[in-house]
Amino acid sequence: MIAYLSTLVVLVSIGVLVGLALNFQWGVAGLVNFGVVGFVALGAYAVALLGPHVGWFAAMLCAAVISAAVSTILAFLSIRLADDYLAIVTIGFGEVVGILLLNEDWLTGGALGIANIPRPFVSLVSAAHYDAVLLGFALALVALTFVTLEILVRSPFGRALRAVREDPIVAGALGKPVLRLRIGAFAVGGAVMGLAGALHAFYLTYIDPGQFTSITTAYAFMAVILGGRGSNTGLLIGAGSIMTLLEATRFLKDALGVVDGAQLAALRLGLVGIGIILLLILRPQGLFAEPRKRVRDFFPDDDVAADRPAAAALSARAWDADSPVPSFQHRESEVSSRESQV
Amino acid sequence: MNVAVPIPALSVRALRAGYPGGGDIVRGISVDLAPETILAVIGPNGSGKSSFVKTLAGLLRSREGSIEVTGKEVTNLSPARRVRAGLAYVPQEANVFRNLTIAENLKLAVEFLRGRSGVGPAQEAEVLAMFPEIARQPKVLAGNLSGGQRQMLAFACALVSNPEVLLLDEPTAGLSPKFVEETMQAVLRVRDAGVTVLLVEQNVAAALRFADEVMVLVAGRKSCHVAPSVLSGADLTDLFFGGASA
Amino acid sequence: MVGQLIVDGLATGLLLALPSLALTVVFGILKFPNFAIGATLTLGAYAAWVANTFLQLPLFAAGAVAALVVAAVCVLSDMLVFARLRDAGSIVLLVASMGLSLVLENICRFSFGNATRNFDVAIERPIRWHGLRISHEQLTSAVTVVVCVVLVQLVIYGSPLGRAMRATADNPTLAAVRGVERETIVRITWVLAGALLAIAGVLAGLDRAVDPLLGWSYQIPAFAAAILGGLGSPFGAVVGALVIGLAEELSVLVLPTNYRQAVSFAIILVLLLMRTQGLLGAKAVRR
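Residues numbered from 1 in each chain as written. Chains lettered and ligands numbered in written order. Predicted model: local features only at pLDDT ≥ 70, side-chain atom pairs only at ≥ 80, totals over all residues.

Caption draft 1: Geometry of the interface of chain C and chain A. Counting residues at the interface gives 42 residues for chain C and 44 residues for chain A. Those elements that provide at least two residues to the side of chain C that touches chain A are α4 (90-112), α9 (216-229) and α11 (260-274) of chain C. Per-element accounting of the side of chain C that touches chain A gives the leading share, 15 residues, to α4 of chain C. Considered class by class, the residues forming the side of chain C that touches chain A number 27 nonpolar, nine polar and six charged. (Contact = placed C-beta atoms within 7 Å. Helix = DSSP H or I, 4+ residues; strand = E, 2+ residues; numbered from the N terminus. Nonpolar A, V, L, I, M, F, W, Y, C, P; charged D, E, K, R; others polar.)

Caption draft 2: Broad picture of helix α1 (residues 49-57) of chain B. Residue and element names in this part refer to chain B. Counting buried positions along α1 yields nine of nine residues, so the element is predominantly enclosed. Of the residues making up α1, those classed as buried are Lys49, Ser50, Ser51, Phe52, Val53, Lys54, Thr55, Leu56 and Ala57. Once α1 ends, the next one or two residues include Gly58, with phi positive near 95 degrees. (Buried ≥ 20, exposed ≤ 12 C-beta atoms within 10 Å, placed from the backbone.)

Caption draft 3: Seen up close, the sheet that holds strand β3 (residues 38-42) of chain B. Residue and element names in this part refer to chain B. Taken in spatial order, the six strands line up as β6-β7-β8-β3-β9-β10 in an open sheet, and their pairing is mixed. With one partner strand each, in any of the chains shown, β6 (87-90) and β10 (221-226) form the two edges of the open sheet. On average, each strand axis in the sheet is tilted by 20 degrees relative to the strand beside it, whichever way the strands run. Bridge analysis of β6 against strand β7 (residues 165-169) gives four bridges, and the strand direction is parallel. Looking across to β7, one finds that Tyr89 is bridged to Leu167. Its contacts with the sheet put helix α6 (residues 147-159) on β6 and β7, and the angle it makes with β6 is roughly 170 degrees. Where helix α7 (residues 177-192) meets the sheet, it contacts β3, β7 and β8 (196-200), and its direction lies at approximately 150 degrees from that of β8. (Pairing = 2+ DSSP bridges. Axes fitted to C-alpha atoms, helices over the stretch in contact; angles between N-to-C directions.)

Caption draft 4: Expanded view of unusual backbone geometry. Phi at Ala219 of chain B is positive, roughly 50 degrees, even though this residue is not glycine. Among the secondary structure elements, Ala219 of chain B is positioned in the loop between β9 (213-218) and β10. For Ala219 of chain B, a count of 14 C-beta atoms within 10 Å puts it in the partly exposed group. Backbone geometry at Gln56 of chain C places phi at a positive 55 degrees, although glycine is not the residue there. As for its position among the elements, Gln56 of chain C is in the loop between α2 (37-53) and α3 (59-82).

Caption draft 5: Just the sheet that holds strand β5 (residues 72-73) of chain B, in detail. All names here are of chain B. One open sheet accounts for four strands, arranged β2-β1-β4-β5; its pairing is antiparallel. In the strand order of this sheet, the two ends are held by β2 (26-33) and β5, each with one partner. With six bridges joining them, strand β1 (residues 10-17) and β2 adopt antiparallel strand pairing. Within β2, the position partnered with Leu10 by the bridge is Leu33.

Caption draft 6: Focus on the packing of helix α6 (residues 160-170) of chain C against helix α8 (residues 182-207) of chain C. Residues and elements named next belong to chain C. At their nearest, the axes of α6 and α8 sit 10 Å apart, and the two run at 105 degrees to each other. Taken as axis vectors, α6 and α8 run roughly perpendicular relative to one another. In contact with Leu161, Ala164, Met165 and Thr168 of α6, α8 contributes Arg182, Ile185, Ile188 and Thr189. Residue classes in the contact of α6 with α8 are distributed as five nonpolar, two polar and one charged. (Parallel < 35°, antiparallel > 145°, perpendicular 65-115°, else oblique.)

Caption draft 7: Region of the structure containing the interface of chain C and chain B. Between chain C and chain B, the contact holds 15 residues from the first and 23 residues from the second. Of all the secondary-structure elements, those providing two or more residues to the side of chain C that touches chain B are α6 and α7 (172-177) of chain C. Broken down by element, the residue count for the side of chain C that touches chain B peaks at six residues, all from α6 of chain C. The class makeup of the residues in the side of chain C that touches chain B is seven nonpolar, three polar and five charged.

Take a look at the structure:
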């Protein structure tokens, strides 16, 4: 029983961590990252390669740092790009990581992967009780990450990010360093993805490239959309439930003799796809949406008086009531303003 | 005295409209335009002039009220259908296809007007005669034209559909005084050719000089609808800034 | 042998031109990058395979059937998904297309499993020409693609429908007030994209084999090609595809063969960093 629960909790935790990371990058900072799985893989392989040498804890930290560093580089190269293009670049990155992992077998073991990955606290308890330890570890990691991200979101950094997401032009006019903020957000998300990869490695103790597929990215997006972009609490609840549901069905294979393994996998993936579509259509704001704010609301203390004419002029341009209809950007504001009227 | 009343070219009744999720910007406007008239719609910033004309064109869905073009109800028609019903629209900005040549812009303007009478080579020739500069260089990309030339092309494209009513959104915006004069002369010629024109204008002086009738909009409502000669400078100041409504 | 690489590169590039065209046309008119391109191609391959294997249709007819099926699926997807998100912004549409990609790919996987399938065609010996080896598949592919591309270019640049499509891409509201019903153009665009992807699926299935991940291997190169040519430019998409095909094949001179996909990615990255308009398209940088 404990073994089953532990597996479930660990798998859900990994998914939640990735979701929290993407929530920070996309929900809070507005950056589309389709290469999520690449960063998770980086974290897992970092732990696998360094763990035997420096111990699990240091390896886990390295995983976060390495993933954050690579995120920074990628962001630095592409953060100026419009959202569409950033999505394309990150998906390419995910693919390239996969290719590198598969082919650079002198480092990664290629398709065979790496085994014997050290686990946290494994020497402290007997093998019989380890499942409970891992369960506790996973929960602790999630809790710590959640708290840290919540603090970040509520900090000036987080407010600045949300302002940049809402209207980069006005935020820039108010003096916020738009590019640096975005790169920072990407790096933070990357670090958490690295941690998720570490947990994955700890859980399985054996990794290979085949474990890291685009379904991870899809899960993450579904989680963020379900939870309401920007809300960590929403993500926790929403993503938690969906992950639990999906992971629990993984074990149905034995119960449902009528479909085989490949078909069950296809069913699960297909349902994730349908889930994403339905969510976007029916409840784009997720379970716990952020109420719509204006850039000024994020900075009540800033002296905007001096900047007001310029900012106001820019605001007027951005929210021009006489702009042509239908406008592609209106839908989100339509939904949000209805929200704030309720 | 009994006078036979001709069907108004454009008849608007109690029109209400606004952007999705927002309140009414057009707040119950009623107006009739007699055929071959130029009506200038003026008013302070934010009075809803542009939104009014967009509602007439079908780009903004009306919430209440009706719109008729020579007696035909167009209130629930898509913009494409309204063109076929005789209602042409020239937006203020982005009023030509920059990635298409002049010839392609003009061809497009007539290709999808199934059922519209009077459309054809004869009409096109007539229109191009009004805008010789455009006729001269059919292969040039519209994006490479000057602002004034794009304006003329936009006019021409609207006119080749043989409209009954032509809606113009600030046709003289951003034009030099010489072009303002030319544009307004073109509008006069268009009216003389039998088209009814409704134009939104920021340039009140030009509006008063060339229009047959003037309608003042304040805060989404019709403040008054009179001949230009009736309005004095003081009246306008009052109407624009005094918030008075008729 | 560089000559052979060039032949292979052109063949690859030509095949890539179809999904690249589909992508660019959808982007131009619907204003979002369609991440379901690969999965749609896979669907086309399977549809043709079913027609070829179970209905005993020759490949040409099977391809036609596939084109009809996929066109219908694309229109249906538009009605059910994209139409409801029409003005929701390109990111929402992009994520929705990713969801659709999952659905389409896994319908194929559920129905046919992961095993590779092959078309029922006679095996023929390659043609030898001046020391170069050209397979019959490559030739069929090339001819089919050239015919498709020429037809599409003629339609887009020389017909009223093409003008209407370009106008809608340029300015949909203006197109509306000039008599062009946007929704009609949108549906036609999906039919075109679906047909192109189905044909590409058949050709890809000929070239490799049919399995659920067939289309995915074309997704990134197709994006690279479309971006290279400028997203939204049909002519550019074809040119971009040829360049990417050649680059991928020629890259084996300097890189291990497994890194071909990385070539496309590297090209995308370099392009977007340096010359954000591609060859003939709109700017990609946000302010």
